[in-house]
Amino acid sequence: MPRLLKQPVPSRIFASLAALTLCVVLAGCSNDDDAELDETMDASEVDSAEYIPASADGPAQNVPEPKLPAVATENTEEGAEATLKYFWEAIDYARLTGETDQLQLVSSDNCEFCEGFFDDWTAAYETGQWAVTHGTVEEKISEVWLGHDQEQNVPAADISFSLLDSAVDLYNDDGHLEQTSVGSSEDTAWFAILLYDATAQRWQIDWVGLEELVEWENE
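Values in this document were obtained by computation on a predicted structure and should not be read as measured data. (Residues numbered from 1 in each chain as written. Predicted model: local features only at pLDDT ≥ 70, side-chain atom pairs only at ≥ 80, totals over all residues. Heavy atoms only, no water.)

Brief notes about the overall build of the chain
A tally of regular secondary structure across the chain gives four helices and nine strands. Mapped from its N terminus to its C terminus, the chain presents α and β elements in the order β-α-α-α-α-β-β-β-β-β-β-β-β. Taken over 219 residues, the chain has a buried fraction of 50%. At a minimum sequence separation of 6, the contacts of the chain that also span at least 24 residues come to 66%. For the chain, the exposed surface amounts to about 10600 Å²; the carbon and sulfur share of it is 45%. (Helix = DSSP H or I, 4+ residues; strand = E, 2+ residues; numbered from the N terminus. Buried < 20%, exposed > 50% of the residue type's maximum accessible area, 1.4 Å probe, protein only. Contact = heavy atoms within 4.5 Å. Areas by Shrake-Rupley, 256 points an atom, 1.4 Å probe, with all protein chains shown as cover.)

In structure tokens:
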């Protein structure tokens, strides 16, 4: 079974994913648009709990919060997969809102990509920035290997997957378009290491990044 030899490179070099790069470079993005809704709609005409997509007029409102599924608490392949899917849903939510509590729920203190993302998005929304993304992060899991982390003596999961992201427009606090990206035109190969916390009964992302940064050996 292949295993990861080392976990190199800080999160800020992951320039392959354009929308996430925006967060890393400048801080503050957002997510998801809805072609069925009129972006110029007066908020007073919409139910107060109805989701309003981000637009040039302002950040998204009433964004549905991602929920960690019950299966994610299991020390199984299905639990690890569900956790990784939730992780990217929480990424989308953070880009729309600047709130990272959901993301931190499934991120370890060792995850440099995660920490950079927390800091950047929180700072962005605190300074009045927001972003409009024309879609969401789409992940497709290729393979999962369950094993054991010898150093921390806990169950571990290695996951190979691909990502596809959409264009992102970043606005500053006075409503001017500050930066834009075209998104990714094709799937990019990524890799994640998850560790299982038996006390908290959940998986946590310990490392995530481009698969090309991983060194392998066959046992």
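Some words on the environment of N75
With respect to the helices and strands, the residue N75 is situated in the loop between α1 (18-26) and α2 (77-97). Assessed through its relative accessible area of 40%, N75 is described here as partly exposed. Separated by 121 residues in sequence, N75 and Y196 have C-alpha atoms that sit 6.7 Å apart.

Thoughts on the pairing of strand β3 (residues 138-149)
Two strands pair when backbone bridges link them, and β3 and strand β4 (residues 154-164) are joined in this way by 11 bridges, in the antiparallel orientation. Paired with D149 across the bridge in β4 is V154. (Pairing = 2+ DSSP bridges.)

Regarding the packing of aromatic side chains
The tally for this structure, following the rule as stated, stands at 12 aromatic pairs. Summarising the aromatic geometry, the rings of W130 and Y171 are spaced 5.6 Å apart at their centres and angled 10° between planes, so their arrangement reads as stacked. With W130 in strand β2 (residues 130-133) and Y171 in strand β5 (residues 168-171), this residue pair connects regions lying 41 residues apart in the sequence. Looking at W130, the relative accessible area reads 6%, which means it is buried. Under the relative-accessibility criterion, Y171 is labelled buried at 10%. (Phe/Tyr/Trp six-rings, centres within 6.5 Å; stacked < 30°, edge-to-face > 60°.)

Comments concerning the sheet that holds strand β6 (residues 177-181)
In spatial order, the strands read β2-β5-β6; together these three strands make up an open sheet with antiparallel pairing. Sheet topology places β2 and β6 at the edges, where each strand pairs with a single neighbour. Between one strand axis and the next, the sheet turns by 20° as a mean value, whatever way the strands run. Pairing of β5 with β6, which is carried by four bridges, proceeds in the antiparallel orientation. Within β6, the position partnered with L170 by the bridge is Q179. (Axes fitted to C-alpha atoms, helices over the stretch in contact; angles between N-to-C directions.)

Some details on the nonpolar core
Membership of the largest hydrophobic core comes to 50 residues, with the highest contact counts inside it found for F87, W88, F161 and V208. Breaking this core down by element, the ones donating at least two residues are α2, α4 (112-126), β2, β3, β4, β7 (188-197) and β8 (202-210). (Core = buried A, V, L, I, M, F, W, Y, C linked by side-chain atoms within 4.5 Å.)

With respect to the confidence of the model for the chain
Mean pLDDT over the chain stands at 80; residues scoring 70 or higher make up 76%. This stretch, residues 1-47, has a pLDDT under 50; its non-local contacts, to residues over four places away or in other chains, come to 143 contacts. (pLDDT = per-residue confidence, 0-100.)

So, the sheet that holds β7
Judged by pairing direction, the sheet is antiparallel, and its four strands sit side by side in the order β3-β4-β7-β8 without closing on themselves. Looking at which strands have only one partner, the edges of the open sheet turn out to be β3 and β8. Pairs of neighbouring strands in the sheet enclose a mean axial angle of 25°, with direction left out of account. Here β4 pairs with β7 via eight bridges, running antiparallel. Residue pairing in the sheet places D158 in a bridge with I193 of β7. Across the face of the sheet, α2 comes into contact with β3, β4, β7 and β8 while running at roughly 135° to β3.

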